[in-house]
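Notes for the structure review
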Amino acid sequence: MILYITVAVVTAFLAHQVDNHPKRQLYHLTRQQLCNRVCLTAIFVILFLLSACRLNVGNDYAKYVEFMHLVNCDAYVPTEIGFNLLVKLLYGLSGYENFLLVFAFYSFVTALFFLLAMYEQSDEFGFTFFLFMTLGYYFQTFSTVRYYLALAVALYSMKFVLRRQWGRFIVLILLGATFHKSLLVVIPLYFLASLTWKKWQLAIAALFCTTFLFMQEYYLKLVVFLYPTYEDTEYLEGGTSYISILRCAAVLCFAGLVYLWRKREGTVVDDDRPAWRPAHTEEYKQAQAALWNRRFWFYCYLNLGALILYVFCSFLPIISRIGYYLMVSQILFLPMLVKAVPDKRWKKLFRAGIVLAAVLYFAMYLKKGANDGVLILPYRTFFFHDMVNILSEVN
């Protein structure tokens, strides 16, 4: 636990030194840009090494080692073609069942996509990264490595949705889906969240949500059709997360407050601009306001969708996997909302409240780190420990 707290503190400190909207000078590397490169590299190396050097840390680490063994033996496994081909390639290059190299690959790509997404899309990288660590997203990558690679891709793909670059978005999602096919769900969900909804359309959508209450059997049949391996397993038991419901509701309430506050003040929130842009013209301010509104409503609808899923769709298997594709936007949305608060005193209070809530969440997460379903504690590394026998070796 001390190791995880130390990593979180050190990387959060380094992230605080990063300015992801630095002023640029032609043909000249500024001090801030150099600082960004050094700090980002250090953060990436720390996150990558901690994850890549672990051994049997994570809820399903041994299960993945078993899957890799079966893939290498050309046996059936319920994993996607991207995972299977990767295992075949890395095992072939290694000359033996080098599962450590496979986990290292996932650690590298997952950390890279998360950091790129936060650096390119956040209003304040340091704040976003702090939430990324304290809300447990990084440490949860130790489990369900295929899913968290897909989650990192989903977060990165949001920029293409906001830019209306649908071709790039779909290609990226299709590639990511070769490692976890649940990622395909973000194509319709992110598209719907990017639309400008009118009140009558929202009313129809709310009416549609009521079908989740009396058509559960049909939706479960659809899930079994998409995921045949779920049939007659514990995965069909469903369940929800009250913490996730509370988080989504709190974020939406905060967003509503900021929106009303901003509307009353009539201020343009996003004043950041590249150094080469001219002084703020009316046209530039209008463009920035439009961009802020587009991002605001996109993140709002994502969190509203997650709230609906957790409240009305608890009967669906592993609903949290779908919900997390929507909720992960909170690490971008909250810094954006805090920045938009026009009153400096209230801005400090909101920031302090979010930080306190995130730290408490992190403490609760670490407290259950040794429990079944998490199993990130105790931390073990292949330098000092040996891998336990997998199912195939026991039999």
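Check the entry above for the structure.
Attention in this report is confined to the structure presented alongside it. All values reported here derive from a predicted model rather than from experimental measurement.

Parameters at a glance
Residues numbered from 1 in each chain as written. Predicted model: local features only at pLDDT ≥ 70, side-chain atom pairs only at ≥ 80, totals over all residues. Heavy atoms only, no water. Patch = residues over 30% accessible without salt bridge, like charges linked within 9 Å, V, L, I, M, F, W, Y side chains within 5 Å. Areas by Shrake-Rupley, 256 points an atom, 1.4 Å probe, with all protein chains shown as cover. Salt bridge = Lys/Arg side-chain N within 4 Å of Asp/Glu carboxyl O. Helix = DSSP H or I, 4+ residues; strand = E, 2+ residues; numbered from the N terminus. Buried < 20%, exposed > 50% of the residue type's maximum accessible area, 1.4 Å probe, protein only. Core = buried A, V, L, I, M, F, W, Y, C linked by side-chain atoms within 4.5 Å. Contact = heavy atoms within 4.5 Å. 1 Å grid on protein atoms, 1.4 Å probe; cavity = no way out; pocket = protein on both sides within 12 Å on 5 of 7 lines; lining within 4 Å. Points joined across faces, edges and corners; volume = space filled by probe spheres on them.

Together, Met1, Ile5 and Val9 make up a nonpolar patch on the protein surface, roughly 270 Å² of accessible area in all. Relative to the helices and strands, Val9 resides in helix 1 (residues 2–16).

In the structure shown here, the tally under the stated rule is five salt bridges. For Arg146, the salt bridge identified is with Glu80, shortest N-O distance 2.6 Å. In this pair, Arg146 sits in helix 8 (residues 145–162) while Glu80 sits in the loop between helix 3 (61–72) and helix 4 (81–94), placing the two residues 66 residues apart along the sequence. For Arg146, a relative accessible area of 9% gives the class buried. Residue classification places Glu80 among the buried residues on the basis of a relative accessible area of 10%. A salt bridge links Glu120 to Lys159; the nearest nitrogen and oxygen atoms lie 2.5 Å apart.

Attention shifts here to the nonpolar core. Counting 126 residues, the largest nonpolar core has Phe129, Phe132, Phe139, Tyr190 and Ile376 as its most contacted members. Element by element, the count of residues in this core is highest for helix 8, at 15 residues. Dropping the residues within four chain positions of it, Phe139 is found in contact with Tyr4, Leu50, Met133, Phe362, Tyr365 and Ile376.

Moving on, we come to unusual backbone geometry. In this structure, Pro378 follows Leu377 across a cis peptide bond, with omega equal to -5°. Examined against the element boundaries, Pro378 turns out to sit in the loop between helix 18 (344–367) and helix 19 (391–394).

Take empty space enclosed by the protein next. According to the stated counting rule, one finds one cavity of 30 Å³ or more in the structure shown. As a volume, the largest cavity reaches approximately 100 Å³. What lines the largest cavity is a set of 14 residues, among which Ser51, Ser107, Thr110, Ala111 and Thr141 lie closest to the centre. Those elements that provide at least two residues to the lining of the largest cavity are helix 2 (31–52) and helix 5 (99–121).

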